[in-house]
Protein chains: 2
Amino acid sequence: MSLIVQKFGGSSVKDAERIKNVARIIAETYLKGNDVIVVLSAQGDTTDDLIAKAGEINPHASKREMDMLLSTGEQISVALCAMALEVMGLPVVSLAAWQVGIQSSGVHSDARIRRIDSERVQAELDQHRIVIVTGFQGVDRSGDVTTLGRGGSDTSAVALAAAFRADLCQIFTDVDGVYTTDPRLVPNARKLDEITYDEMLELASQGAQVLHNRSVELAKKFKVNLEVVSSLERKPGTKVKEVTKMMEKTNIAGVAKDTSIARIALVGLQHNPGVAFQVFDLLSKHNINVDVILQSIGREETKDITFTIHKKDQEEAETILNEHRAALRFDHIEADDKIGKVSIVGAGLMSNCGVAAKMFEALYEAGINIQMINTSEIRVSVLLDEEDVNRAVKAIHAKFFDEI
Amino acid sequence: MSLIVQKFGGSSVKDAERIKNVARIIAETYLKGNDVIVVLSAQGDTTDDLIAKAGEINPHASKREMDMLLSTGEQISVALCAMALEVMGLPVVSLAAWQVGIQSSGVHSDARIRRIDSERVQAELDQHRIVIVTGFQGVDRSGDVTTLGRGGSDTSAVALAAAFRADLCQIFTDVDGVYTTDPRLVPNARKLDEITYDEMLELASQGAQVLHNRSVELAKKFKVNLEVVSSLERKPGTKVKEVTKMMEKTNIAGVAKDTSIARIALVGLQHNPGVAFQVFDLLSKHNINVDVILQSIGREETKDITFTIHKKDQEEAETILNEHRAALRFDHIEADDKIGKVSIVGAGLMSNCGVAAKMFEALYEAGINIQMINTSEIRVSVLLDEEDVNRAVKAIHAKFFDEI
């Protein structure tokens, strides 16, 4: 007998039919003799509807009250799903995060899970009940409801799998696994049978939207066996684990793209020790995440620092930097939001010098100009004109996956 | 500085405009220097919408999961109302019943409040925050969410007022107080400035729908100063208290009607000691409430027992009684659901013999036949043909209130 955690997202529980479908999947798992903990998101548009309700009353509502409001969405899902299992005559109980004791930090709308009390859930499992838990939320030290921010329900599922040492944590989505690239863009993209935590992390942070980084990081830390699987079709998904048995070690796991970024260049910086620290410290204090950073060598008296950030932060970043122009001693800012990033990800990629070259070759053959390059142990990213991004993904994917 | 509890029902918070209106009433009370605890019901049709959602999935869902589902309704209300007060710059916090610690019995969908923890609410009041609490719900010993059944939000408000020794508990509704009878039926019905707990209890149980019995009973027990007041117009409502200073002691507080009842007669009962006990014990075991009971004197060998119950219970009651016909030794059942009850209520009514006579006189003058009579210390009820009920209310109201 195994303990399996199953997580279903908002589109998987969006209406009565979908909830019944989810109940059938859970029932099948339970009737095979497994213990099952289920984690659910809010139904389809519920969260958006609630945000709209709040907007009519107070567009600048406190995050504390927004969390109080939004957390009702998952509670509706878990109660309805429990009812669907009751119809099948199965023993089931739904629990909100505060009932489970999912203890989180007090940062409303973006809380971190600190600890999960095991008592209530364990008592229910001991009674052989299916336990259905609200994803995306926790309760802080003062007893206030928190929400976990983006990817929160995946994180709830992985945290529960870690806390109860589950044998498997299945993330059900409306795609059937992790692909070598976006199948809507490249129709012959392949589904991966397995992928390492590190590869999944890089793919997720480079734009693949199947799993959120936080949940993968947590899975890696606690060695949780993750599986991304379809809630609509019964077929094997993609396993995310520590080490994979890749058939061809030289190949990459996938190609990812990200067009939500903007590039900022600080031009004509004086040689000023610690200026890079000052710039990025300033941005981080305003919660602006910086991705690729490039610093010119500075053959002349001045140098440039170029970096990318999320498009939504561009205006704020420019304002903040201009406010500190005198202290930072740069000449002016050049900003560009018509750019995109394409990355290849694969374990052992950088120790295999042919791989990066193969990527650049594909881009060269397609006549695509590279603006910046950034690498990690298992990833190579290039910055391109936004209009070249899709063509680049196709060319790179074809180079790695069609030419074998 | 006083502590005031204010309760607003579902129609008072049904949309953004109404919630803003409620926030203005709360703000006005708070800005006069009062501490304020607010109790809210779910918005307008939310509860019905949630019940419909459940019905699509499981028409016989467990009450435990229904409570889990329905309790989200009030949580949405309290969060939205807190946001409306935030717009005004007022310090406010919304709390669900489990956060307050409204401890209830474990009877799902019809729980009773056992105790209210004072810690969290008191801490918030000490910070001069307006505290907005979900009505209609509690949490049982095992940490499960319960709902309090009919009139639950009124009961929550009175229980909070009792626990925190509030100076006043205001129940805001869409009528502006308690009337001498239904103003839709009798246009010159008068609003009462004040009414005793006992009178209110009798009026409520005899069909007046302004306040639910449970909340009035609780208010009486803990001597909570209640006020029924309009959420739409700013004018004085009706005060419910221990003793009122009625100008004319001989007059009644109001005339109530109830057409939701049915009459059952067990005809030809053998003289059988304890048969009345057996009959009503049987019904109470099936949760069927019996109201007026009349037993014939039994001049012959057999006697009859006649009683009234709610229309919805009629079929079940007949089935149960027929199943036990042999043991109970009656000949047959006569049932009638085309009846109604009209009551007059007034403190000291029965010690003033002219009052009941005045009621019967009004009915006689209107040519209305009385089927059964039932009295309490402060009430006289008559059973009539259903078609005579409205005419009876008008005649009695005119006799008591127009002839002065």
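Residues numbered from 1 in each chain as written. Chains lettered and ligands numbered in written order. Predicted model: local features only at pLDDT ≥ 70, side-chain atom pairs only at ≥ 80, totals over all residues. Heavy atoms only, no water.

## Observations concerning the overall build of chain A
Here is step 1: Within chain A one finds 13 helices and 20 strands.
Here is step 2: Relative to the 2.2 N^0.38 estimate, which gives 22 Å for 404 residues, the radius of gyration of chain A is 23 Å and therefore close to what a compact globule would have.
Here is step 3: Counting only C-alpha atoms and orienting by the principal axes, one finds that chain A spans roughly 75 × 55 × 35 Å.
Here is step 4: Residues classed as buried in chain A amount to 56% of the 404 residues present.
Here is step 5: Surface summary for chain A: the accessible area is close to 17800 Å², and the carbon and sulfur share equals 48%.
Here is step 6: Across chain A, the 46 positively charged side chains and the 58 negatively charged ones have centroids separated by 3 Å. (Helix = DSSP H or I, 4+ residues; strand = E, 2+ residues; numbered from the N terminus. Rg over C-alpha atoms; globule rule 2.2 N^0.38 Å. Buried < 20%, exposed > 50% of the residue type's maximum accessible area, 1.4 Å probe, protein only. Areas by Shrake-Rupley, 256 points an atom, 1.4 Å probe, with all protein chains shown as cover. Lys, Arg positive; Asp, Glu negative; His and termini not counted. Charge placed at Lys NZ, Arg CZ, Asp CG, Glu CD.)

## Observations concerning the interface of chain A and chain B
Here is step 1: In this complex, chain A contributes 42 residues to the contact, which on the side of chain B involves 42 residues.
Here is step 2: Of all residues in chain A, A:Ile57, A:Met83 and A:Trp98 bury the most surface against chain B, accounting for 21% of the area lost on that side.
Here is step 3: Where chain A packs against chain B, one counts two salt bridges.
Here is step 4: Viewed at the interface, chain B and chain A are joined by 22 residue pairs in polar contact (both at pLDDT 80 or more). (Contact = heavy atoms within 4.5 Å. Buried area = accessible area lost by both parts, 1.4 Å probe. Salt bridge = Lys/Arg side-chain N within 4 Å of Asp/Glu carboxyl O. Polar contact = N/O pair within 3.5 Å; in protein donor to acceptor, adjacent residues only side chain to side chain.)

## Observations concerning the packing of aromatic side chains
Here is step 1: Counted under the stated rule, the structure contains five aromatic pairs over all chains.
Here is step 2: Centroid distance A:Trp98 to B:Trp98: 4.1 Å. Interplanar angle 5°. Geometry classified as stacked. Of this pair, A:Trp98 sits in helix H4 (residues 97-100) while B:Trp98 sits in helix H4 (residues 97-100), each in a different chain.
Here is step 3: Look at A:Trp98 and you get buried, because its relative accessible area is 17%.
Here is step 4: With a centroid separation of 4.4 Å and 15° between ring planes, the pair formed by B:Phe8 and B:Phe172 is classed as stacked. Here B:Phe172 lies in strand S9 (residues 168-173) and B:Phe8 lies in strand S1 (residues 3-8), a separation of 164 residues in the sequence. (Phe/Tyr/Trp six-rings, centres within 6.5 Å; stacked < 30°, edge-to-face > 60°.)

## Some words on the environment of B:Thr244
Residue and element names in this part refer to chain B.
Here is step 1: By the element assignment, Thr244 lies in the loop between strand S12 (238-241) and strand S13 (254-258).
Here is step 2: Look at Thr244 and you get buried, because its relative accessible area is 8%.
Here is step 3: Along the sequence, Thr244 and Asp48 sit 196 residues apart, while their C-alpha atoms lie 38 Å from each other.

## A short note on the relation of the copies chain A and chain B
Here is step 1: Between chain A and chain B, the superposition needs a rotation of 180° and an axial shift of 0.1 Å, giving an RMSD of 0.1 Å. Interpreted geometrically, this transformation is the action of a two-fold axis. Across chain A, the rotation axis passes nearest the C-alpha of A:Thr72, at a separation of 2.7 Å.
Here is step 2: Residue by residue, 100% of the interface of chain A is reproduced at the interface of chain B, so both copies engage with the same surface. (Least-squares fit on C-alpha atoms with pLDDT ≥ 70 in both.)

## A look at the sheet that holds strand S14 (residues 261-270) of chain B
All names here are of chain B.
Here is step 1: The strand order S15-S16-S14-S17 describes an open sheet built from four strands, whose pairing is antiparallel. Looking along the sheet, the strands with just one partner apiece sit at the ends: strand S15 (290-295) and strand S17 (332-336). The sheet shows a mean angle of 20° between the axes of neighbouring strands, direction not considered.
Here is step 2: Summarising the sheet, S15 and strand S16 (residues 302-310) pair through four bridges and their orientation is antiparallel. Across the sheet, residue Leu294 finds its bridge partner in S16, namely Thr306.
Here is step 3: Across the sheet, helix H9 (residues 275-285) is in contact with S14, S15 and S16; its angle to S16 comes to roughly 25°. (Pairing = 2+ DSSP bridges. Axes fitted to C-alpha atoms, helices over the stretch in contact; angles between N-to-C directions.)

## As for the nonpolar core
Here is step 1: Core analysis: the largest hydrophobic core is formed by 80 residues, its most contacted members being A:Leu85, A:Ile130, A:Ile132, B:Leu85, B:Ile130 and B:Ile132.
Here is step 2: Not counting the four nearest positions on each side in its chain, B:Leu85 is found in contact with B:Ala23, B:Ile26, B:Ala27, B:Leu90, B:Val92, B:Ile130 and B:Ile132. (Core = buried A, V, L, I, M, F, W, Y, C linked by side-chain atoms within 4.5 Å.)

## Quick notes on helix H1 (residues 16-31) of chain A
Here is step 1: For H1(A), spanning 16 residues, the distance from its first C-alpha to its last is 22 Å, which sits close to the expected 22 Å at 1.5 Å a residue.
Here is step 2: Inspection of H1(A) places A:Ala16, A:Ile19, A:Asn21, A:Val22, A:Ala23, A:Ile25, A:Ile26, A:Ala27, A:Thr29 and A:Tyr30 among the buried residues, and these make up the whole buried set.
Here is step 3: Buried residues in H1(A) make contact with strand S1 (3-8), strand S2 (35-40), helix H3 (63-87), strand S6 (130-134) and strand S9 (168-173) of chain A together with helix H2 (46-57) of chain B.
Here is step 4: Residue A:Asp15 occupies the N-cap position of H1(A), its side-chain oxygen lying 3.2 Å from the main-chain nitrogen of A:Glu17.
Here is step 5: A:Gly33 sits one or two residues past H1(A) and shows a positive phi near 100°. (Expected span 1.5 Å × (residues − 1).)

## Topic: the sheet that holds strand S15 (residues 290-295) of chain A
Residues and elements named next belong to chain A.
Here is step 1: The antiparallel open sheet is built from four strands, whose spatial order is S15-S16-S14-S17. Every other strand in the sheet has two partners, leaving S15 and strand S17 (332-336) as the edge strands with one partner each. For this sheet, the mean angle separating the axes of adjacent strands, direction not counted, is 20°.
Here is step 2: Where strand S14 (residues 261-270) lies against strand S16 (residues 302-310), eight bridges are found, and the strand directions are antiparallel. Bridge pairing in S16 places Ile261 opposite His310.
Here is step 3: On top of the sheet, helix H9 (residues 275-285) reaches S14, S15 and S16; it is set at about 25° to S16, its chief contact.

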